[in-house]
Amino acid sequence: LTFAAIAMNHDGTVLHRYGSRDSRGADHWLTAASWERFLGAGLRSYASHPADSIAGSIAGSIAGSIAGSIAEPTAEPTADAVKGAPAKAGAKPLTIETIPAFAKRDRGECVHCHSVRPALRIEAQERGDWTRDSLWVYPPPSALGLDLDRDDQALITAVKEESAAAKAGLRPGDRLADIATATDLMAFLDGLPSEGAQVPLRFRRGSEEATDVAEVTLPKGWKTYSSEEFAWRPSKWGLAPAPGFGGPVLERAELVKLGLPEDSFAFRVNYLVTWGENQRWGKAAAVAGIRDDMIILGTEGKRDFQSIDHFHAWWRLSVAHGSTVRVATWKNGAIKFIDLAVAER
């Protein structure tokens, strides 16, 4: 599970965000030191927050370009508004109970955090305005080509060569002036268009008190991440097509026992989805010859998976409906291929 928190003013303004995660694990951004810094930043921003403003400007740790990305709280939307229709006079406010997609996900009961994005995706798909670009939410700092310190998350620890951050002149040791946490940065990036943007990031270098501005140029498609980076996100499970089968990754000792290199990726099939609304994927796998206890290495063209989640994410992002995938299996000390005809949309 992932821990997350927000520091929020009583007028509804989000001052800072904390937690969440990235492809490195659920607890990568969670440390006692970073939590303490988050709480301190929240108190400072609250103390300087305009008392008579709903939208206002976020003073203190969040200012400048990030402040401009925080939207003014609005009235509760109505069900008609969500569907794209004008709100009718006297329409009831939209609540969890009135969103059909949430009822589909969690049967109208307690809504799990990981159900929110898939439910909103279902709503958007039913309205006809969902695109694949909608997948790329809350980009990690690596989307800019930089990494941040786990304890002091305003501190840049690495900058990738030729990245947007590097081209803008940012260096390891610089401090971003407008964020308290990596999650603050992710929330800001989430509001930027995937078509590209020019982003002014204020920073401090060394012991300097004055801030400078790095003009970061984000190219078209900058939000799109690899299947490995996408793998940890629960939203992958709602995408299609799916392989229709899965299982636990083999440990090193079992790989060696089977005659595979100890750094190989392989998993043992222990389920095929031949029931429920997604049964067509599992049934297609069964027809192709995928069976319980079979050892899967990946596909003919890709075997460098880092986890079973990576395998599932790659399949959903890379495999086309109606195509044929050559699944690589391991049997009697040799690779055998199974041609799996992927079901049509």
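Here, every reference points to the structure presented above.
Residues numbered from 1 in each chain as written. Predicted model: local features only at pLDDT ≥ 70, side-chain atom pairs only at ≥ 80, totals over all residues. Heavy atoms only, no water.

Caption draft 1: Layout of the sheet that holds strand 9 (residues 267-268). Taken in spatial order, the four strands of this open sheet run 9-11-12-13, and their pairing is antiparallel. Looking along the sheet, the strands with just one partner apiece sit at the ends: strand 9 and strand 13 (334-341). In this fold helix 11 (residues 308-318) packs onto strand 9, strand 11 (295-299), strand 12 (324-331) and strand 13, with an angle of close to 45° to the strand it touches most, strand 11. (Pairing = 2+ DSSP bridges. Helix = DSSP H or I, 4+ residues; strand = E, 2+ residues; numbered from the N terminus. Contact = heavy atoms within 4.5 Å. Axes fitted to C-alpha atoms, helices over the stretch in contact; angles between N-to-C directions.)

Caption draft 2: Expanded view of the sheet that holds strand 7 (residues 212-218). Spatially, the three strands line up as an open sheet ordered 5-6-7, and their pairing is antiparallel. Two strands close off the open sheet at either side, each with one partner strand: strand 5 (175-176) and strand 7. In terms of strand pairing, strand 5 meets strand 6 (residues 197-204) through two bridges, oriented antiparallel. Its bridge partner being in strand 6, Arg-175 is matched across the sheet by Arg-204.

Caption draft 3: Examining the environment of Leu-201 more closely. Its place among the elements puts Leu-201 in strand 6. By relative accessible area, which is 5% here, Leu-201 ends up buried. Between the C-alpha atom of Leu-201 and that of Ala-165, which follows or precedes it by 36 residues, the distance is 9.6 Å. Ignoring anything within four residues of it in the chain, the contact list for Leu-201 reads Leu-144, Leu-170, Leu-176, Phe-188, Asp-212, Val-213, Ala-214 and Val-216. (Buried < 20%, exposed > 50% of the residue type's maximum accessible area, 1.4 Å probe, protein only.)

Caption draft 4: Region of the structure containing the nonpolar core. Grouped together as the largest cluster of nonpolar side chains are 27 residues, with contacts concentrated most on Leu-148 and Leu-185. Residue assignment for this core shows that the elements contributing at least two residues are strand 3 (146-148), strand 4 (156-159), helix 6 (164-167), helix 7 (182-190), strand 6 and strand 7. When residues of this core are assigned to their parent elements, the largest contribution, five residues, is made by helix 7. The contact partners of Leu-185, leaving out residues within four places of it in the chain, are Pro-141, Leu-144, Leu-146, Leu-148, Leu-176 and Ile-179. Core analysis: the next-biggest nonpolar cluster, separate from the first, contains 23 residues, Leu-272, Met-294, Phe-305 and Leu-340 among them. (Core = buried A, V, L, I, M, F, W, Y, C linked by side-chain atoms within 4.5 Å.)

Caption draft 5: Representation of the pairing of strand 1 (residues 4-8). Covered by surrounding structure in strand 1 are Ala-5 and Ala-7 only, the residues Ala-4, Ile-6 and Met-8 on the alternate face being uncovered. Between strand 1 and strand 2 (residues 14-19), which follow one another and run antiparallel, lie five residues, and Gly-12 among them has a positive phi close to 105°.

Caption draft 6: Here's a closer look at unusual backbone geometry. Cis rather than trans, the peptide bond between Ala-240 and Pro-241 has omega equal to 5°. Examined against the element boundaries, Pro-241 turns out to sit in the loop between helix 8 (227-230) and strand 8 (245-246). Unlike most non-glycine residues, Tyr-138 shows phi in positive territory, near 45°. What makes Tyr-138 partly exposed here is its relative accessible area of 35%. Although it is not a glycine, Asp-293 adopts a positive phi angle of roughly 75°. By secondary structure assignment, the location of Asp-293 is in the loop between helix 10 (279-288) and strand 11.

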